[in-house]
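Structure assessment
If you want the building blocks of each chain, they are given just below.
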Amino acid sequence: MPKSTAEKPKARAPSNIMARLQEAGIDRLLPLGKRPRKRAHPEFDLHCAVADYLRAVLHPRVLWFHIPNERRASPKQGAQLKRMGVLAGVPDFVLTWIDAMDGDPRCLYLELKAKGGKLSAAQIEFIRRATHAGADFATASTIQVVEKVLTDAEVPLRARIAA
């Protein structure tokens with residue numbers, strides 16, 4: 001016997017205002033004059049993911065760290081930071097290790113860019129100076145690209161991402 005093709009009854013409209021707002025995609029109300037928080041910068045999630053990845057895969061003899069140059073500062077704070085040695089254009093991560101083949105020290109600067117991000121003039125100048133001094137430099141926008149950069153630079157790894 002064929003099934004009935006009768007339409008299902010329409011859902012009853014919510015009776016309270018919060019349910020109606022949620023249906024419209026509004027999940028909370030803010031007091032007048034308050035604005036919702038902006039979402040974190042897209043590079044923040046990438047930075048955290050790369051830091052977690054580096055903790056998991058790098059060999060213990062690789063020294064690495066993040067340089068937090070992303071912060072905003074007042075002109076006075078900016079002058080103080082500059083006097084202390086903060087340099088515009090410095091990449092996000094620095095990795096150093098001793099080359100297993102020849103015993104020479106190695107350095108890799110890694111700049112992370114969210115999708116569509118571009119290098120600034122200060123970053124391009126830093127790349128020029130760092131590579132002139134013999135360091136390696138790379139940019140990446142995904143963990144997979146970071147892994148390829150590390151592999152190509154022969155950074156000692158103890159693990160890899162499962163393919």
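Residues numbered from 1 in each chain as written. Predicted model: local features only at pLDDT ≥ 70, side-chain atom pairs only at ≥ 80, totals over all residues. Heavy atoms only, no water.

It is worth spelling out the overall build of the chain at this point. Check the secondary structure of the chain and you find five helices and four strands. Secondary structure of the chain in N-to-C order comes out as α-α-β-α-β-β-α-β-α. When the 163 residues of the chain are sorted by exposure, 29% land in the buried category. Sequence separation of 24 or more characterises 60% of the internal contacts of the chain that already satisfy a separation of 6 or more. Put simply, the chain shows about 12700 Å² of open surface, and 57% of that area lies on carbon and sulfur atoms. (Helix = DSSP H or I, 4+ residues; strand = E, 2+ residues; numbered from the N terminus. Buried < 20%, exposed > 50% of the residue type's maximum accessible area, 1.4 Å probe, protein only. Contact = heavy atoms within 4.5 Å. Areas by Shrake-Rupley, 256 points an atom, 1.4 Å probe, with all protein chains shown as cover.)

Before going further, it helps to examine unusual backbone geometry. Despite not being glycine, Glu154 shows a phi value in the positive range, around 60°. With respect to the helices, strands and loops of the structure, Glu154 is situated in the segment after helix H5 (143-152).

Bringing helix H2 (residues 42-57) into the picture now. With 16 residues, H2 extends 23 Å between its outermost C-alpha atoms, agreeing within 8% with the 22 Å of an ideal straight helix rising 1.5 Å per residue. Along H2, the positions that sit buried rather than exposed are Glu43, Leu46, His47, Val50, Ala51, Tyr53, Leu54 and Val57. Down the axis of H2, the buried side of the element spans an arc of 165°, and every buried residue falls inside it. Tucked into the core, H2 has its buried residues touching strand E1 (63-66), strand E2 (93-98), strand E3 (105-112), strand E4 (136-140) and H5. (Expected span 1.5 Å × (residues − 1). Arc of directions from axis to C-beta.)

Bringing the packing of aromatic side chains into the picture now. A full pass over the atoms with the stated rule returns two aromatic pairs. For the pair Tyr109 and Phe126, a centre-to-centre distance of 5.0 Å together with 85° between the ring planes defines the contact as edge-to-face. A residue pair is termed long-range when its members are at least 10 positions apart, and Tyr109 in strand E3 and Phe126 in helix H4 (residues 121-132) qualify at 17 residues. Here the two residues Tyr109 and Phe126 agree in accessibility, since each one is buried. (Phe/Tyr/Trp six-rings, centres within 6.5 Å; stacked < 30°, edge-to-face > 60°.)

Moving on: the pattern of salt bridges. With the rule as written, the count across this model stands at seven salt bridges. The partner of Arg106 in a salt bridge is Asp136, and the shortest N-O contact between them spans 2.7 Å. Remark: Asp136 occurs in strand E4 and Arg106 occurs in strand E3; sequence separation between them is 30 residues. Asp136 sits in the partly exposed class, given a relative accessible area of 28%. Where Arg160 meets Glu147, a salt bridge forms, and the shortest distance between an N and an O atom there is 3.6 Å. Within this pair, whereas Arg160 is found in the segment after H5, its partner Glu147 is found in helix H5, the two being separated by 13 residues in sequence. (Salt bridge = Lys/Arg side-chain N within 4 Å of Asp/Glu carboxyl O.)

Let us now look at the pairing of E4. The sheet contact formed by E3 and E4 spans five bridges and is parallel. Bridged to Leu112 within E4 is Ala140. Viewed along the sheet, the connection from E3 through H4 into E4 turns out right-handed. (Pairing = 2+ DSSP bridges. Right-handed = clockwise from strand over helix to strand, strands pointing away.)

Most of E3 is tucked away, with six of its eight residues classed as buried. Bridge count for E2 against E3 is six bridges, and the pairing is antiparallel. Bridging across to E3, Thr96 finds its partner in Cys107. Between E2 and E3, which pair antiparallel in sequence order, lie six residues; one of them, Gly103, sits at a positive phi of approximately 75°.

Core analysis: the biggest nonpolar cluster contains 22 residues, and Val50, Leu95, Leu108, Leu110, Leu150 and Val155 have the highest contact counts within it. Contributing elements (two or more residues each) for this core: H2, E2, E3, E4 and H5. In terms of residue count, H2 provides more of this core than any other element does, six residues in total. Residues contacting Val50, with those up to four places away along its chain left out, are Phe93, Leu110, Leu112, Ile143 and Val146. If you look at the next biggest cluster of nonpolar residues, it comprises 10 residues, including Val90, Cys107, Ala135 and Phe137. (Core = buried A, V, L, I, M, F, W, Y, C linked by side-chain atoms within 4.5 Å.)

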